[in-house]
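The primary structure of each chain is shown beneath.
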Amino acid sequence: MSPTTSVASAIWRQLPFFVWLIALWMLLWGQFTVLAALTGLIVALFVTRIFRLPAVELSGRVNLWYGVVFVVMFFLALIRGSLLVAWQTLDPRRYPGTAVIAVPLRTDDDLIMAHVGVTASLIPGSLIVDVDRDRRILYLHVLGVSSDRDVENQRRAVQGWESRIVRAVGSPAQLEAIRTAGAQTPREGGAAV
């Protein structure tokens with residue numbers, strides 16, 4: 001492979017990361033202008049050159065259909081979670097039960113784990129409090145839990161987000177891990193911590 005090809009390949013692999021950093025910069029400033037995009041590009045170049053992070057290996061696979069399904073389901077979960085938390089706050093007769101639950105993930109990928117954690121934390125009513133990277137377990141503090149059934153429903157909901165994310169951007173090996181775990185439907189992972 002020639003040096004030109006390897007440089008082009010490296011730029012192509014890092015392009016999604018750069019686009020994400022530029023979009024994040026524009027969101028932070030609340031400006032969607034050419035100037036904001038250019039300053040975001042400068043900041044992205046500065047950040048990636050000064051703070052050398054290991055290269056993020058993307059799967060190279062994006063399924064647009066499952067990406068749209070993820071986005072639609074995420075917005076529906078945001079609305080549902082917001083209404084549920086608002087109702088629990090306004091209902092003085094009932095204290096919404098809380099729990100810290102352990103959610104074992106079925107894939108072994110830091111990027112997927114990060115996406116699942118962020119998604120679960122953005123939905124009102126749950127928040128990531130700890131991550132066990134070695135054992136692939138997310139620990140969430142959740143509202144509205146009053147029984148073991150509620151704990152299991154929360155655990156399955158987070159694993160559902162993992163499945164949607166893997167179907168949208170995961171590698172073929174990760175897809176197989178999700179399918180295999182779905183076929184076995186293990187009941188391990190414990191109850192509330």
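To be clear, the structure that these remarks concern was listed above.
Just so it is clear, the structure is predicted and the values come from calculations on it, not from any experiment.

Engineer: Give a detailed account of the sheet that holds strand E3 (residues 137-143), specifying residues and quantitative values.
Structural biologist: Judged by pairing direction, the sheet is antiparallel, and its three strands sit side by side in the order E1-E3-E2 without closing on themselves. Two strands in the sheet have a free side with no partner beyond their single neighbour: strand E1 (98-104) and strand E2 (126-132). Ignoring strand direction, the axes of neighbouring strands in this sheet form an average angle of 25°. Where E2 meets E3, six bridges bridge the pair, whose relative direction is antiparallel. Bridge pairing links Leu127 to His141 in E3. Helix-sheet contacts for helix H4 (residues 110-122) involve E2 and E3, and the interaxial angle to E2 is about 155°. Sheet contacts for helix H5 (residues 148-169): E1 and E3; angle to E1, the most-contacted strand, approximately 45°.

Engineer: So what about the packing of aromatic side chains? Which residues, and what values?
Structural biologist: Two measures describe an aromatic ring pair: the distance that separates the ring centres and the angle between the ring planes. A full pass over the atoms with the stated rule returns five aromatic pairs. Taken together, the ring pairs connect Phe70, Phe74, Phe75 and Trp161 into an aromatic cluster. Directly above the ring of Trp161 sits Arg164, whose terminal nitrogen or CZ lies 4.6 Å from the centroid.

Engineer: Run through H4, naming residues and quoting values.
Structural biologist: With 13 residues, H4 should reach 18 Å at 1.5 Å per residue; the first-to-last C-alpha distance of 18 Å fits that figure. All buried positions along H4 are accounted for by Ile112, Met113, Val116, Gly117, Thr119 and Ala120. Relative to the axis of H4, the buried residues are bounded by an arc of 165° and lie together on one face. Sitting at the head of H4, Asp109 places a side-chain oxygen 3.1 Å from the backbone nitrogen of Leu111.

Engineer: How would you sum up a nonpolar patch on the surface? Please name residues and give values.
Structural biologist: Taken together, the side chains of Trp20, Leu24, Leu28 and Trp29 define a hydrophobic patch exposed on the protein surface, amounting to about 500 Å² of accessible area. Within the secondary structure, Leu24 is located in helix H1 (residues 3-29). Look at Leu24 and you get partly exposed, because its relative accessible area is 33%.

Engineer: For unusual backbone geometry, give the residues involved together with the corresponding values.
Structural biologist: The general pattern is negative phi for most residues beyond glycine and trans for most peptide bonds. For Arg136, which is not glycine, the phi torsion reads 60° and is therefore positive. Examined against the element boundaries, Arg136 turns out to sit in the loop between E2 and E3. Take Arg136: its relative accessible area is 27%, and that puts it in the partly exposed class.

Engineer: Explain the side chain of Thr119 residue by residue, including any values.
Structural biologist: Within the element layout of this structure, Thr119 appears in helix H4. Under the relative-accessibility criterion, Thr119 is labelled buried at 6%. Discounting residues that sit within four places of it in the chain, Thr119 has contacts with Phe70, Phe74, Trp161 and Ile165.

Engineer: I'd like a description of the environment of Ala173, backed by residues and values.
Structural biologist: Summarising the element assignment, Ala173 is placed in helix H6 (residues 172-184). As for Ala173 and Asp108, which are separated by 65 residues in sequence, their C-alpha atoms are 10.0 Å apart.

Engineer: I'd like a description of the pattern of salt bridges, backed by residues and values.
Structural biologist: Applying the stated criterion across every chain, the model contains five salt bridges. Of the charged contacts, one joins Arg156 and Glu152 as a salt bridge, the two residues approaching to 3.8 Å between their closest N and O atoms. Taken together, the residues span about one helical turn, with Arg156 and Glu152 both in helix H5 at a distance of four residues. Among the ionic contacts, a cluster of salt bridges with common partners joins Glu152, Arg155 and Arg156.

Parameters and conventions
Residues numbered from 1 in each chain as written. Predicted model: local features only at pLDDT ≥ 70, side-chain atom pairs only at ≥ 80, totals over all residues. Heavy atoms only, no water. Pairing = 2+ DSSP bridges. Helix = DSSP H or I, 4+ residues; strand = E, 2+ residues; numbered from the N terminus. Axes fitted to C-alpha atoms, helices over the stretch in contact; angles between N-to-C directions. Contact = heavy atoms within 4.5 Å. Phe/Tyr/Trp six-rings, centres within 6.5 Å; stacked < 30°, edge-to-face > 60°. Lys NZ or Arg CZ within 6 Å of the ring centre and 35° of its normal. Expected span 1.5 Å × (residues − 1). Buried < 20%, exposed > 50% of the residue type's maximum accessible area, 1.4 Å probe, protein only. Arc of directions from axis to C-beta. Polar contact = N/O pair within 3.5 Å; in protein donor to acceptor, adjacent residues only side chain to side chain. Patch = residues over 30% accessible without salt bridge, like charges linked within 9 Å, V, L, I, M, F, W, Y side chains within 5 Å. Areas by Shrake-Rupley, 256 points an atom, 1.4 Å probe, with all protein chains shown as cover. Salt bridge = Lys/Arg side-chain N within 4 Å of Asp/Glu carboxyl O.

So far we have only geometry, and geometry alone does not tell us how the molecule works.
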